[in-house]
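Coordinate inspection notes
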Amino acid sequence: MNSPPERSLSRGQAYVLGAAAVPMVAFGGMGAWGTYSNITSVFHRSATALGVVAAGEGATLVLALVLVGLTMLGQSAPTAVRIGLWTLPAVASLTGIAVAKNSTEAVVFAVTPMAMCVSAEGMGLLARRIVVYRTGVDAEAQRRSAAVMQRLAYHRARAANHPDKKARNGSELESWKLAKKVGAGDALLGANLVDVQRERMTDGADAALAGMFALPVTPPAHAVTDAPAPLAIEGADEEGVTPPMTGVTPPVTEEDTQVTPETETAPTEPVTPVTPPAELPVTLDEIAAVSSVPTPVVGEPLSDAQLVVVLRHLRYTDDPPLSYRQAVTAFREAGFVGGEQRVRRAWGSLMSHEESDA
């Protein structure tokens, strides 16, 4: 399915997002400065404190920038980057606990490096949401969905063909567990499903209203009836009444009384009724030729004009003509390619042409 068109951030949205990113960077820097002060108070050497900060908050900052950069490019972050965003601050926290002189200092030294971790995750999430809003593509959700579908395909094949019955049963159960995760967290998938249901509800409401408000069809006043016209009789008066016959009946002559001898007639053969040839349906190639468009091919993308040609052909393959739902079902079963919106627009164009022709 095609992605929605790219959108740009408004000026107000850009200001709000920038204002939200500033505290993240500031608090991450404050966490690094706090770790530096804590280590300096214990070792009294700046180089040692800088080394601890570089190994903890500094490395976390590098991974955060990598995460933000990949997200802005529309790519998913590798698993190592996501693990490092939490592992490196945890190492800095353990270092603070190890060098602390008492339990109070241990708690403070352990909490301080987590500011950089939260800041990095917040910046990555904000960048991801900006990309999803502008492009409609969630690379992270696609990565998770691809991983789930790959595992699901493996377990389905394993459940069907593995020689060990225990392995087949285990894969069958794992397949159902993975089925719950398909599409989880994919906002674009949810929006597309809502659009599909909205279209179906629109079609149902349109059909219901069309049935309620359809007007009955009445024959025109000047229609010709099927009753045969009366035969005109020569000599009839203006009212159409034949005058009575008067006079003397003519005499019977010998010619009238002559009997014609019976002749032997040959037996007649039974006459087979001749049925007119059935009218051949118009083919798709003929409709395409009349419409001056290339013949639509199954499995290949079709233009708008070709979609109209295919729908016209499918609609009149039966009597009465197919409805929209029946035509779309025949369209899919035949293997033609076309999005739901484009097929709907082509059907509307076909109906408008039929109404204008009528």
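Higher on the page you've got the structure.
Cut-offs and rules
- Residues numbered from 1 in each chain as written.
- Predicted model: local features only at pLDDT ≥ 70, side-chain atom pairs only at ≥ 80, totals over all residues.
- Heavy atoms only, no water.
- 1 Å grid on protein atoms, 1.4 Å probe; cavity = no way out; pocket = protein on both sides within 12 Å on 5 of 7 lines; lining within 4 Å.
- Points joined across faces, edges and corners; volume = space filled by probe spheres on them.
- Helix = DSSP H or I, 4+ residues; strand = E, 2+ residues; numbered from the N terminus.
- Nonpolar A, V, L, I, M, F, W, Y, C, P; charged D, E, K, R; others polar.
- Buried < 20%, exposed > 50% of the residue type's maximum accessible area, 1.4 Å probe, protein only.
- Contact = heavy atoms within 4.5 Å.
- Phe/Tyr/Trp six-rings, centres within 6.5 Å; stacked < 30°, edge-to-face > 60°.

In this section: the layout of surface pockets. Estimates place the volume of the second largest pocket at around 310 Å³. Around the second largest pocket, the lining residues are Thr202, Asp203, Asp206, Ala207, Ala210, Tyr324, Arg325, Arg344 and Trp347. Only helix H8 (187-213), helix H12 (324-334) and helix H13 (340-357) provide two or more residues apiece to the lining of the second largest pocket. Residues belonging to the lining of the second largest pocket are distributed by class as follows: four nonpolar, one polar and four charged.

Here the focus is the side chain of Ser93. With respect to the helices and strands, Ser93 occurs in helix H3 (residues 79-99). The exposure class of Ser93 is buried, given its relative accessible area of 8%. Those residues in contact with Ser93 that sit more than four places away from it in its chain are Phe109, Ala110, Pro113 and Met114.

To continue, consider unusual backbone geometry. Cis peptide bonds are those with omega within 30 degrees of zero, and the linkage from Asp319 to Pro320 qualifies with 5 degrees. With respect to the helices and strands, Pro320 occurs in the loop between helix H11 (304-315) and H12. In this model, Ser292 sits at a positive phi of 60 degrees, which is unusual for a non-glycine residue. Here Ser292 shows up in the loop between helix H10 (284-290) and H11. Classification of Ser292 as exposed rests on a relative accessible area of 65%.

Moving on, we get to the packing of aromatic side chains. Applying the stated criterion to the full structure yields two aromatic pairs. Plain terms: the ring middles of Tyr324 and Trp347 are 5.6 Å apart, the flat faces sit at 65 degrees to each other, and that makes the pair edge-to-face. Linking Tyr324 in helix H12 with Trp347 in helix H13, this pair joins segments that are 23 residues apart in sequence. What makes Trp347 buried here is its relative accessible area of 10%.

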